[in-house]
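Residues per chain are reported as follows:
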Amino acid sequence: MRDFNVVVLGAGGVGKSALTARFIRDVFIENYDPTIEEEYRRTLQVDGTLTSLEVLDTAGADQFNAINEMYIKNGRGFLLVFSLTQEASLREVEMLRQQIYRVKGGSAKVPIVVVGTKLDLVNEREVPRSTIQELAARWGLPFYETSAKRNWQISTPFEDLVRQMLSRYPVE
Ligand code: GDP
Ligand code: MG
């Protein structure tokens, strides 16, 4: 069994805790305490390899704080989370992406997936698919559109991340 830790990063209120809770326990939590930062664990089988994932649901307010820097140093894979209903949260992802490459020494091989949340809130959507396609191509990163509430596409980004980590960190 392979053991990986992944860090969930993104602006406040985008749905990091809801996404994590749906993935870990298959529940939807409406009002998760925004200040709670917690580590969870579950197993996930990807392409025949059983992995144990430690998922850190962060609650940092400032993307340039020293705590984030420490998480990035220690993290092997990253879920960069924004809300499809909040264009500004995508800029936070852009800053986090740059911070990760800076901390990791500019390697383009850092396992990262970008997750857009709240896909169910169709009428509040602010980030069009064309923007996502353009950024995915420019950054060379996979994007996923999800809903923790409706349980849409929750495991897929984690599976993608595991594939990237298995390839980036072959058997120790
Ligand atoms: P965090 O600060 O990034 O951890 O965000 P939370 O997980 O606490 O979610 C912030 C708010 O968005 C809460 O009111 C959630 O109920 C709501 N939310 C999170 N994910 C979804 C989703 O997929 N659909 C909808 N409709 N609301 C969501
Ligand atoms: Mg939270």
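The following paragraphs examine the structure supplied in this document. (Residues numbered from 1 in each chain as written. Chains lettered and ligands numbered in written order. Predicted model: local features only at pLDDT ≥ 70, side-chain atom pairs only at ≥ 80, totals over all residues.)

1. Let's talk about the packing of helix 2 (residues 66-74) against helix 3 (residues 88-103)
Packing of helix 2 against helix 3 leaves a shortest axis separation of 9 Å and a crossing angle of 60°. In this view, helix 2 runs oblique relative to helix 3, as classed from their interaxial angle. For helix 2 against helix 3, the interelement crossing comes out right-handed. Along the contact surface, helix 2 presents Asn-68, Glu-69, Ile-72 and Lys-73, while helix 3 presents Gln-99, Ile-100 and Val-103. (Axes fitted to C-alpha atoms, helices over the stretch in contact; angles between N-to-C directions. Helix = DSSP H or I, 4+ residues; strand = E, 2+ residues; numbered from the N terminus. Parallel < 35°, antiparallel > 145°, perpendicular 65-115°, else oblique. Left-handed = near helix turned anticlockwise from the far one by under 90°. Contact = placed C-beta atoms within 7 Å.)

2. Quick notes on the sheet that holds strand 4 (residues 77-83)
With mixed pairing, 6 strands are arranged side by side in an open sheet as 2-3-1-4-5-6. Strands with a single pairing partner mark the edges of an open sheet, and in this sheet they are strand 2 (38-46) and strand 6 (143-145). Shown here is a sheet whose adjacent strand axes are inclined to one another by a mean of 25°, direction ignored. Both strand 1 (residues 2-10) and strand 4 contribute to a ladder of 5 bridges, which runs parallel. Looking at strand 4, one finds that Val-6 is bridged to Gly-77. Across the sheet, helix 1 (residues 16-25) is in contact with strand 1, strand 2, strand 3 (49-57), strand 4 and strand 5 (112-117); its angle to strand 3 comes to roughly 150°. Against the sheet, helix 5 (residues 155-168) makes contact with strand 1, strand 2, strand 3, strand 4, strand 5 and strand 6, and its axis sits at roughly 80° relative to strand 2, the strand it touches most. (Pairing = 2+ DSSP bridges.)

3. Describing the site of ligand 1
In the vicinity of ligand 1 there are 19 residues, among which Gly-15, Lys-16, Ser-17, Ala-18 and Lys-149 approach most closely. For the shell around ligand 1, the element with the most residues is helix 1, which contributes 3 residues. Broken down by class, the residue content of the shell around ligand 1 amounts to 6 nonpolar, 8 polar and 5 charged. (Near = placed C-beta within 6 Å. Nonpolar A, V, L, I, M, F, W, Y, C, P; charged D, E, K, R; others polar.)

4. A few points about the nonpolar core
Most often, soluble globular proteins keep nonpolar side chains buried together rather than apart. Among the nonpolar cores identified, the biggest contains 38 residues, and Leu-79, Leu-80 and Val-81 are the most heavily contacted of them. Of all the elements in the fold, those that place two or more residues in this core are strand 1, helix 1, strand 3, strand 4, helix 3, strand 5, strand 6 and helix 5. With residues near it in sequence (within four places) discarded, Leu-79 still touches Val-6, Val-8, Val-113, Val-115, Pro-157 and Leu-161. (Core = buried A, V, L, I, M, F, W, Y, C linked by C-beta atoms within 7 Å. Buried ≥ 20, exposed ≤ 12 C-beta atoms within 10 Å, placed from the backbone.)

5. Regarding the pairing of strand 5
Burial of strand 5 is extensive: 6 of the 6 residues sit out of reach of the surface. A two-sided burial pattern is seen for strand 5, the buried positions comprising Ile-112, Val-114 and Gly-116 on one face and Val-113, Val-115 and Thr-117 on the other. Both strand 4 and strand 5 contribute to a ladder of 6 bridges, which runs parallel. The residue bridging Phe-82 from the neighbouring strand is Gly-116, located in strand 5. By the bridge criterion, 3 bridges tie strand 5 to strand 6 in an arrangement that is parallel.

6. Notes on unusual backbone geometry
Phi is positive for Asp-47, close to 50°, though the residue is something other than glycine. Inspection of the secondary structure puts Asp-47 in the loop between strand 2 and strand 3. Residue classification places Asp-47 among the exposed residues on the basis of 8 C-beta atoms within 10 Å. Look at Asn-151: it is not a glycine, yet its phi comes out positive at around 60°.

7. Focus: helix 3
For helix 3, built from 16 residues, the straight-helix expectation of 22 Å at 1.5 Å per residue is met to within 8% by its first-to-last C-alpha distance of 23 Å. Taken together, the buried positions of helix 3 are occupied by Ser-89, Leu-90, Glu-92, Val-93, Leu-96 and Ile-100. Down the axis, helix 3 shows its buried residues gathered within 145° of arc, on one side only. Among the exposed residues of helix 3, those oriented more than 90 degrees off its buried face are Ala-88, Gln-98 and Arg-102. Residues of helix 3 that are buried make contact with strand 1, helix 2, strand 4 and strand 5. Gly-105 sits one or two residues past helix 3 and shows a positive phi near 85°. (Expected span 1.5 Å × (residues − 1). Arc of directions from axis to C-beta.)

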